[in-house]
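What follows is the residue order along each chain.
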Amino acid sequence: EAGVVQSPRYKIIEKKQPVAFWCNPISGHNTLYWYLQNLGQGPELLIRYENEEAVDDSQLPKDRFSAERLKGVDSTLKIQPAELGDSAVYLCASSLDGGGANTGELFFGEGSRLTVL
Amino acid sequence: GIQVEQSPPDLILQEGANSTLRCNFSDSVNNLQWFHQNPWGQLINLFYIPSGTKQNGRLSATTVATERYSLLYISSSQTTDSGVYFCAVESYGNNRLAFGKGNQVVVIP
């Protein structure tokens, strides 16, 4: 069974440029998460989807970050414009949940490492 | 929000040694997961253990929810056990996992 797939693995951009990350969850997992991981820290939730619906986006900086999960499968996370402080690893995870329940057993992708110059 | 404290922050082990990692949390939880992040950054789920004891090969975990802590045991450590171990917890009604800062483990041959 294929795991969570993310791309690109690495991205280097100049500040003020846009960037997008893509995630394909494990087949059949209805819940998808985007996490941000800074160096030396644990992951922090940015947004959680249940199917197509964003059920928790309170931690997403909406002035420059946006996300979508069309058709309830793949998801894209976008930053526009990027700032120096956005340099981090962006992790996608998926789980099989009952809807409205607490976070299920999480399976993570390899992450997308962003460097903003 | 809930506080998660992991100890020790750093640990160096000789291959073959045993170790115990601890996770303390500040509130009642209905979800606790342990993860291993390897040196290449991949996070692997080790245990989903809101209470009780589980074992998987050389790894085992125990959560005592009433006393607000969990322990991860590594027996007969191998160099592939190197990396960062994260504990993540979720309190009732929160629906969001809070991660600790991790235990950095280095196993030397």
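From a predicted model like this one, the values you see are computed outputs, not experimental measurements.

Draft legend 1. Fine view of the overall build of chain B. Counting its regular elements, chain B contains zero helices and eleven strands. Secondary structure elements of chain B occur, N-terminal to C-terminal, as β-β-β-β-β-β-β-β-β-β-β. Taken over the C-alpha trace, chain B has a radius of gyration of 13 Å; the compact-globule value for 109 residues is 13 Å, and the two agree within 12%. For chain B, with 109 residues in total, the buried portion stands at 48%. Sequence separation of 24 or more characterises 56% of the internal contacts of chain B that already satisfy a separation of 6 or more.

Draft legend 2. Spotlight on the state of the cysteines. Residue and element names in this part refer to chain A. The final tally for this structure, using the stated rule, is two disulfides over all chains. Disulfide pairing places Cys23 opposite Cys92 at an S-S distance of 1.9 Å. Note on the Cys23 and Cys92 pair: the S-S dihedral is about -70 degrees, so by sign convention the disulfide is left-handed. One end of the pair, Cys23, is in strand β3 (residues 19-24); the other, Cys92, is in strand β9 (residues 88-95), and 69 residues separate them in sequence.

Draft legend 3. Region of the structure containing unusual backbone geometry. Between Gln80(A) and the following residue, Pro81(A), the backbone shows a cis peptide bond with an omega angle of -5 degrees. Take Pro81(A): it is sitting in the loop between β8 (75-79) and β9. In this structure, Pro8(B) follows Ser7(B) across a cis peptide bond, with omega equal to -10 degrees. Here Pro8(B) shows up in the loop between β1 (4-7) and β2 (10-14). Here the phi dihedral of Lys71(A) falls at roughly 65 degrees; this positive angle occurs in a residue that is not glycine. Locating Lys71(A) in the fold gives a position in the loop between β7 (65-68) and β8. Non-glycine residue Arg68(B) carries a positive phi angle of around 60 degrees. Of note, Arg68(B) is situated in the loop between β7 (59-64) and β8 (69-74).

Draft legend 4. Up close: the packing of aromatic side chains. Per the counting criterion, the structure on display carries nine aromatic pairs over all chains. Geometrically, the ring pair formed by Phe21(A) and Tyr90(A) is stacked, given 5.1 Å between the ring centres and 15 degrees between the ring planes. Here Phe21(A) is found in strand β3, whereas its partner Tyr90(A) is found in strand β9, with 69 residues between them in sequence. For the pair formed by Phe21(A) and Tyr90(A), the shared burial category is buried. By the ring-pair criterion, three or more aromatic residues cluster together here, those being Tyr33(A), Tyr35(A), Phe108(A), Phe35(B), Phe86(B) and Phe99(B).

About the criteria used
Residues numbered from 1 in each chain as written. Chains lettered and ligands numbered in written order. Predicted model: local features only at pLDDT ≥ 70, side-chain atom pairs only at ≥ 80, totals over all residues. Heavy atoms only, no water. Helix = DSSP H or I, 4+ residues; strand = E, 2+ residues; numbered from the N terminus. Rg over C-alpha atoms; globule rule 2.2 N^0.38 Å. Buried < 20%, exposed > 50% of the residue type's maximum accessible area, 1.4 Å probe, protein only. Contact = heavy atoms within 4.5 Å. Disulfide = S-S within 2.5 Å. Phe/Tyr/Trp six-rings, centres within 6.5 Å; stacked < 30°, edge-to-face > 60°.

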